[in-house]
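Per-entry structural report
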Amino acid sequence: MAAAALLRGAAQGRGSRAWRWRLRATPKRRLAHGSSRHGGDPADGAAWACFPLGERTLLRVRGPDSAPFLLGLLTNELPLPGPADGATPPPTRAGYAHFLNIQGRTLYDVIVYRLPEHELAEQVPAFLLECDSAVLGALQTHLALYRIRRKVVVELCPELRVWALLPDRPEEVCGVAPLREWTDRTSVLTPDPRTARMGWRLLVRDEGLVPVPRGRLGDPRDYHRHRYQQGVPEGVRDLPPGVALPLESNLAFMNGVSFTKGCYIGQELTARTHHMGVIRKRLFPVQLLGPVPEDGIALGAPVLTESGQAAGKYRAGQGDVGLALLRAEKIKGPLHIRTSNSSLVALTVSVPDWWPTVAK
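Throughout this description, residue numbers start from 1 for each chain and increase along the sequence as written. Local features are withheld for residues below a pLDDT of 70 in this predicted model, meaning they are given only at 70 or higher, and side-chain atom pairs are given and counted only at 80 or more; totals for whole chains, interfaces and linings count all residues. Only heavy atoms go into the side-chain values, all of them from the structure, while hydrogens and water stay out.

Going by what an unreviewed UniProt entry lists, the protein chain is known as Iron-sulfur cluster assembly factor IBA57, mitochondrial and is assigned to Panthera pardus. UniProt positions are given in the numbering used here, feature names are shortened, and annotations may be inferred rather than shown by experiment. Its UniProt record gives the protein chain a comment under Sequence similarities (unreviewed entry), which states: "Belongs to the GcvT family. CAF17/IBA57 subfamily." What UniProt states about the protein chain under its Subcellular location (unreviewed entry) heading is, verbatim, "Mitochondrion".

The helix count covers DSSP runs of H or I at least four residues long, the strand count covers runs of E at least two residues long, and both are numbered beginning at the N terminus. Counting its secondary structure elements, the protein chain contains four helices and 19 strands. Contact between two residues is taken to exist if any of their heavy atoms lie within 4.5 Å; hydrogens are not considered. Across the protein chain, contacts joining residues at least 24 apart in sequence account for 70% of those joining residues at least 6 apart. Total accessible area on the protein chain stands at roughly 16200 Å², and carbon and sulfur atoms take up 53% of it. Accessible areas in this description were obtained via Shrake-Rupley with a 1.4 Å probe; residue shielding takes into account the shown protein chains only.

For two strands to pair, DSSP has to find at least two bridges joining them. Ordered in space as β14-β17-β16-β15-β18-β19, the six strands form a closed barrel in which the pairing is antiparallel. Sheet twist, expressed as the mean angle between neighbouring strand axes with direction ignored, is 40 degrees. As judged from the seven bridges shared by strand β14 (residues 281–288) and strand β17 (residues 321–327), these two strands associate in the antiparallel manner. Directly across from K281, in β17, lies its bridge partner R327. Angles shown run from 0 to 180 degrees and are taken between the N-to-C directions of axes, each axis being a line fitted to C-alpha atoms and, for helices, limited to the stretch in contact. Of the strands in this sheet, β14, β16 (310–318) and β17 are in contact with helix α3 (residues 220–229), which crosses β16 at around 155 degrees.

Within the largest apolar cluster, 53 residues are counted, with the highest numbers of intra-cluster contacts made by L58, Y113, L128, L203, V303, L326 and I337. Examining the composition of this core, we find that five residues originate from one element, β17, more than from any other. Nonpolar cores are built from buried Ala, Val, Leu, Ile, Met, Phe, Trp, Tyr and Cys residues. Side-chain atoms within 4.5 Å join them into one set. Here's how the labels work: a residue is buried when its accessible area is under 20% of the maximum for its type, exposed when over 50%, partly exposed in between, all with a 1.4 Å probe on protein chains only. Judged by nonpolar contacts, the second largest core, of 23 residues, contains A97, Y108, V112 and V152.

Take the confidence of the model for the protein chain next. The pLDDT score gives, residue by residue, the confidence of the prediction method on a 0 to 100 scale. With 77% of its residues at a pLDDT of at least 70, the protein chain reaches an overall mean of 82. Note on residues 1–43: pLDDT is under 50 here. Beyond four places in sequence and across chains, it has 119 contacts.

The next subject is the pattern of salt bridges. Counted as salt bridges are all cases of a side-chain nitrogen of Lys or Arg within 4 Å of a carboxyl oxygen of Asp or Glu. Under the criterion given, the structure shown has 16 salt bridges. Between E155 and R60 there is a salt bridge; the shortest N-O distance is 3.2 Å. Residue E155 is located in strand β8 (residues 153–156), and its partner R60 is located in strand β4 (residues 56–62); the two are separated by 95 residues in the primary sequence. Residues E155 and R62 are paired through a salt bridge, measuring 2.7 Å at the closest nitrogen-oxygen approach. One end of the pair, E155, is in strand β8; the other, R62, is in strand β4, with 93 residues separating them in the sequence. Among the charged side chains, a network of salt bridges with common partners joins R56, D109, E130, D192, R194, R201 and E234.

Two measures describe an aromatic ring pair: the distance that separates the ring centres and the angle between the ring planes. Between 30 and 60 degrees the pair is tilted, below 30 it is stacked and above 60 it is edge-to-face, where a pair is any two Phe, Tyr or Trp rings, Trp via its six-membered ring, whose centres lie within 6.5 Å. According to the stated counting rule, one finds five aromatic pairs in the structure shown. For the pair F253 and W355, a centre-to-centre distance of 5.1 Å together with 55 degrees between the ring planes defines the contact as tilted. Taken together, the residues F253 in the loop between α3 and α4 (267–276) and W355 in the segment after β19 (344–349) connect sequence positions 102 residues apart. A network of ring pairs unites the aromatic residues F253, F284, W354 and W355 as a single cluster. It is R194 that lies over the ring of Y96; its NZ or CZ is 5.9 Å from the centre. Criterion for a charge above a ring: Arg CZ or Lys NZ at most 6 Å from the ring centre, at most 35 degrees from the ring normal. Sitting above the plane of the Y228 ring, R227 keeps its charged end 4.5 Å from the centroid.

A few words on the sheet that holds β4. Strand order in the open sheet made by the five strands is β5-β6-β7-β4-β8, with antiparallel pairing throughout. Here the strands that pair on one side only, and so sit at the sheet edges, are β5 (94–100) and β8. Averaged over neighbouring strand pairs, the angle between their axes works out to 30 degrees when direction is ignored. Packing of helix α2 (residues 136–147) onto the sheet brings it into contact with β4, β5, β6 (106–114), β7 (126–132) and β8, and relative to β4 it is tilted by some 20 degrees.

Here it is, written out as structure tokens:
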């Protein structure tokens, strides 16, 4: 059925039947790229900008041993199972985590969704892993390497599409009327586990329709611009496999690591760095102030101080916004990047307001 699963408004509580999904079609509406806000004319009543994320894909991990299997590989605890009756508010349905290599460097960043066991035919734990589609094959190989004799099935989940939902006005990201969490066999709607600034995550079968009431179709470039402005890395361009360190990538700020869970691959360096309490470099949001070359800024381009000292490296970005791995003591002074044609582009560094105070 060519319709999107829609959620009723927030007027009634989760305990009633009204907070379940309703099916109906929503007209497709375009969002012009490059606007200063996620939506268009506020008079049209849109409350949510809905971004289809074609570069994100899903793997399904299911089976009796799926939970301990993933716990031994991920930096974080798994989302808790939900109630069987469907009437009480669900606990956390999604979590953020990294897969690390044995040296403790990030391989793949994922959002983990737990599916309700009472609605599955096999009545066994099942999870969805949202990852960068560019590393889908590599992640499958990584999981197969450690699966050994566990009762676990890893399979593609091509029937579900990944959407990001942000308030139509960015300044209302924490003030807009909330949606209602929902998870079943065909759809998942849950707050983005990394930060409230990133809105909601939706997994749904329908493609091409605005999937929530009072929603408008957004340009994914606007989503990525917002993400860079909030300092949220996502995918292999922002987190190069085998290069990025999880705590330098602000994994702890994004609720992506547990320092009390059992052992996992790459834990030693992460735990030691945390307990030492010294993280000299971090990924910071940056904005380029000068003309940007047509081919953009090279990934890994050195960021220099006014005197020419190394302050860090440009990681990735879009247009005039991006992320840079910088030494914390250097971010308050003038900084610039030397481009491939030897010109200088000045940049400013910001500290997101959702970061813990201790990091500012």
